[in-house]
Amino acid sequence: MECHKSLTASWSTNRLWVEHKSVKLAHGNNKFCLNCHHPTNRNAFKHDDGSEIAESEVVALCARCHGTVHRDWKAGAHGRPNGYWDTSLGRQQKLTCIQCHDPHHPKFPMLQSLPAPTYPKRAARSSSENTQHEGNPKH
Amino acid sequence: MSHIRQYFQFLVKIWCLSWEGSWRFYLWMGFLSLISLIGVHAWAEQLVEGLQTTGMTNQVSWGAYIANFTFLVGVAAAAVMLVIPAYVYKIESMHEVVLFGELMAIAVITMCLLFVTVDLGRPDRFLHLMPPFGRMNWPISMLSWDVIVLNGYLILNLHICGYLLYMKYLGRTPSKKFYIPFVFVAIFWAISIHTVTAFLYVGLAGRPFWNHPIVAPRFLASAFAAGPALLILTFQIIRRVTGFWIGNEPLQLLRRITTIALLISLFLLGCELFVEFYSGTYHSVSAKYLWFGLHGHDRLVPWIWTALGLNVFALCVLISPGANRLWLLDAACIALIVGIWIEKGMGLIVPGFIPTPLGQIVEYQPSWNETFICLGIWAFGILMYSWMLHVAIPIMNGELKAGPNEAIPENP
Amino acid sequence: MAGIAGLVTALKPLLSLERGDISLSDLLQKHYQELSAEEMSRILRKLEKQSNEDYGVASNINDTKAREGVQFAYALSLSKCVGCRRCAHACLAENNQSRESEDDIEMSYIRVLELDKGSINVEESDQYYDGEVPKKDKYYMPVQCHQCQDSPCTKACPVEATWMEPDGVVVVDYNWCIGCRYCMAACPYDARRFNWKKPSLPPESVNPNQNYLSNRIRPQGVVEKCTFCLHRTREGKYPACLEVCPTGARVFGNLLDPDSEINYILKNKRVYILKEDAGTTPKFYYFFD
């Protein structure tokens, strides 16, 4: 944070090989740091008009581009609400954008699937089928 | 009071007669009892361990029990093929043997009920089916209909056979009003038991293989082929083993019925195969699995082609003059019964579950325990029929009758 | 004599039936809908005691009733689901099914299908895929009970052991089911499971928060099914499968509340009903976004 007090932030990403080397920006055609980060206040994000968005209000930042998703999120259809569907009985927690999505790399990484069901042990098998093969008998 | 005493004497005599017999009779009954007991043992095992002792899975949730049940409902319904010639067309030669068909229906319905019982996960809760203790989902559930029609058919036949035999024992002419109405009800009832059983499957929209209007008529046609074929064999055994002579006339009439029913059955099968394979929609996957195998799964393929072969063989024999020779007729009947048994069991029940509605292919084969239970029920059914013949034939021959001092006058 | 001896020998396995497996009071228990509040509470205490004896865990079995003005429905985004099977495994843990061997996952109420992009024919689906997901050119469709409004399973049951509750959830009275499995044959979504054996799960795997109509440990020989986690949802919470979903593909809510998440989906998204041609009017929707 201190750096940016003396150094002005650049619009381009050409400094990335010097600073913020860990950040690999892969956010579609959103290629510039200052599209989202506020140029002077490093703890804030940037609105369309250049005004600041507090870090806790990150949803408003993402909503600048992802309007339809934001609409879904507001309706509870995005962001996997947890806790209580009936808010009169308990608290509902809604996840914010960056709790799930890495803003620099919003595409989800591959997930390891949990164990598959097995072909039922008691069921019969065709003689032509390879009995060692526990996987999909179709392929 | 004397009526009740007289009836009680009748029962005592039957009880005593049940234990009289040659060593052959004892050997036969002993053998059947042994197999039945093995079945009982297997069932006790299943009760304790649960249905994990069977080959059934969540994917193929019905198997050998329901397959045998379905086949046997057909056999029971086929007794009507003796009743109609005897009572509607009043063919004299059939009158003598119709009782054997009705007795067989009793034994076979009992087997059906046993097959359903062993299929239950909680047979201890059977009372739930019986109002006022239970709640029967009638008329919505086809299974509740089936319970009603099967038990009703059993009671009808018990009444008809019991009444006729008792009258014969007393040496009286049976009063028509006490049995003729029941006989005619039983004719419709017989058709209904098999139709309702077919509707059990046909009514399920989630299983396209069954959800087919032709299944019910096909059921009836195949039942009316297999049932009379079984009767042809049974009549020959009866006339050879017991003192009751059955002429060739009923056999030939039954042969004609079998032939026509088999022709219709094969025609309907052809209709079904045409729909399944000509249009070739995704709904025909089960048929594809059955006849040709699916993705390397082909357990049922040899069975269904065997069944088709046996049925075609039986038809060729039955329509040719060769079937006048009894041994050839018998061979055709055996082929037919086995063919239809495969067709109804492995050919209809099991492929309905393969693939599952979600496309999973899990195959089925009965386990040993399951097979023993099936064999046990078959043995018990044969045991029951043998016993019924053992006591019914002396009554029909006039060997067992009320003594002169026991009989009370017809109009006291 | 020999016959009786034979019969006794044949029935010998019955001796190993445990006390409580079949008891007279169970046999005389009335249908769920006929039980008075006192009878119900007596049954619940008995079930708790039984479950404590069998599984070594003090559970709390409730009978939370449906609330007025609530109709549950579920929606699942086919665009978001990656097929990781977290839901299927969470379902198993939540609903107290066997955890004895690896193929117990078979009893999970959720089956996750892998489909080829460009086709929505479940008959070509694969349930056995493993490894990292989502795979190239594949998409995923978890299937569970659709809580059909015109449910073929409740029509099939000969003893009314399964019915639709006022909040739209199809339930089974495990103490009334006779285990004929006709409902399983009737279901177009392969959503019902049968207890082929007595469930076996170690004490640490038991979820003690239980409900009579949903996740209490089932007796052997009865059918069970997804109840939209009735023991959670009737208390205002979300189903277990939804809370565990890492992609947020699952949406759950009250159909009768116009502002609910589920109504938002139905109004604003392209919704697809699986096997709509079966005519069962499901309350489980797939959507794309």
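Residues numbered from 1 in each chain as written. Chains lettered and ligands numbered in written order. Predicted model: local features only at pLDDT ≥ 70, side-chain atom pairs only at ≥ 80, totals over all residues. Heavy atoms only, no water.

**Q** Lay out the confidence of the model for chain B with the relevant residues and their values.
**A** Looking at chain B, the pLDDT average stands at 92 and 98% of residues meet or exceed 70. No element of chain B has a lower mean pLDDT than helix α1 (residues 2-18) of chain B, at 90, and none a higher one than helix α11 (residues 301-319) of chain B, at 96. (pLDDT = per-residue confidence, 0-100. Helix = DSSP H or I, 4+ residues; strand = E, 2+ residues; numbered from the N terminus.)

**Q** Please set out the interface of chain C and chain A residue by residue, giving values where relevant.
**A** Where interface size is quoted, it is often the accessible area lost as the parts come together. Each partner contributes to the interface: chain C provides 46 residues, whereas chain A provides 35 residues. Summed over both sides, the interface between chain C and chain A buries roughly 3,700 Å², with carbon and sulfur atoms accounting for 53% of that surface. The largest contributions to the chain C side of the interface with chain A come from Tyr128(C), Tyr238(C) and Tyr264(C), which together make up 19% of the buried area. Run the count over chain C and chain A and you get three salt bridges. With its nearest N and O atoms 2.4 Å apart, the salt bridge here joins Asp86(A) to Arg67(C). Where chain C meets chain A, there are 20 residue pairs in polar contact (both at pLDDT 80 or more). When the residues that make up the side of chain C that touches chain A are grouped by side-chain class, the tally is 19 nonpolar, nine polar and 18 charged. Bridge analysis of strand β5 (residues 111-112) of chain A against strand β4 (residues 132-133) of chain C gives two bridges, and the strand direction is antiparallel. (Contact = heavy atoms within 4.5 Å. Buried area = accessible area lost by both parts, 1.4 Å probe. Salt bridge = Lys/Arg side-chain N within 4 Å of Asp/Glu carboxyl O. Polar contact = N/O pair within 3.5 Å; in protein donor to acceptor, adjacent residues only side chain to side chain. Nonpolar A, V, L, I, M, F, W, Y, C, P; charged D, E, K, R; others polar. Pairing = 2+ DSSP bridges.)

**Q** Give me the lowdown on the pattern of salt bridges, citing residues and values where you can.
**A** One pass over the full model with this rule turns up 28 salt bridges over all chains. For the salt bridge of Lys197(C) with Asp104(C), the shortest nitrogen-to-oxygen distance reads 3.5 Å. With Lys197(C) in the loop between β8 (192-194) and β9 (209-211) and Asp104(C) in the loop between α4 (86-94) and β3 (111-116), this pair connects stretches of sequence that are 93 residues apart. By relative accessible area, which is 22% here, Lys197(C) ends up partly exposed. Classification of Asp104(C) as buried rests on a relative accessible area of 6%. Between Asp289(C) and Lys269(C) there is a salt bridge; the shortest N-O distance is 3.9 Å. Residue Asp289(C) is located in the segment after β13 (284-288), and its partner Lys269(C) is located in the loop between α9 (261-268) and β12 (270-272); the two are separated by 20 residues in the primary sequence. Overall, the relative accessible area of 40% leaves Asp289(C) in the partly exposed class. Overlapping salt bridges, with partners in common, bring together Asp72(A), Lys80(C), Lys269(C) and Asp289(C) in one network. (Buried < 20%, exposed > 50% of the residue type's maximum accessible area, 1.4 Å probe, protein only.)

**Q** An account of the side chain of Arg193(C) is needed here, citing residue identities and associated values.
**A** Residue and element names in this part refer to chain C. When you line up the elements, Arg 193 lands in strand β8. At 3.4 Å, the side chain of Arg 193 and the backbone oxygen of Glu 106 are in polar contact. Polar side-chain contacts of Arg 193 include one of 2.9 Å to the backbone oxygen of Ser 108.

**Q** Let's hear about the nonpolar core: which residues, and what values?
**A** Nonpolar side chains tend to gather and get buried jointly when the protein is soluble and globular. Phe100(B), Tyr201(B) and Phe235(B) are the most contacted members of the largest nonpolar core, which has 164 residues in total. For this core, the element with the most residues is helix α5 (residues 92-119) of chain B, which contributes 16 residues. Leave out the neighbours within four places in its chain, and Phe100(B) touches Phe235(B), Ile238(B), Phe244(B), Ile246(B), Tyr385(B), Leu389(B), Ile393(B) and Met396(B). Of all hydrophobic cores here, the second largest spans 57 residues; its members include Leu47(C), Cys81(C), Ile110(C) and Val171(C). (Core = buried A, V, L, I, M, F, W, Y, C linked by side-chain atoms within 4.5 Å.)

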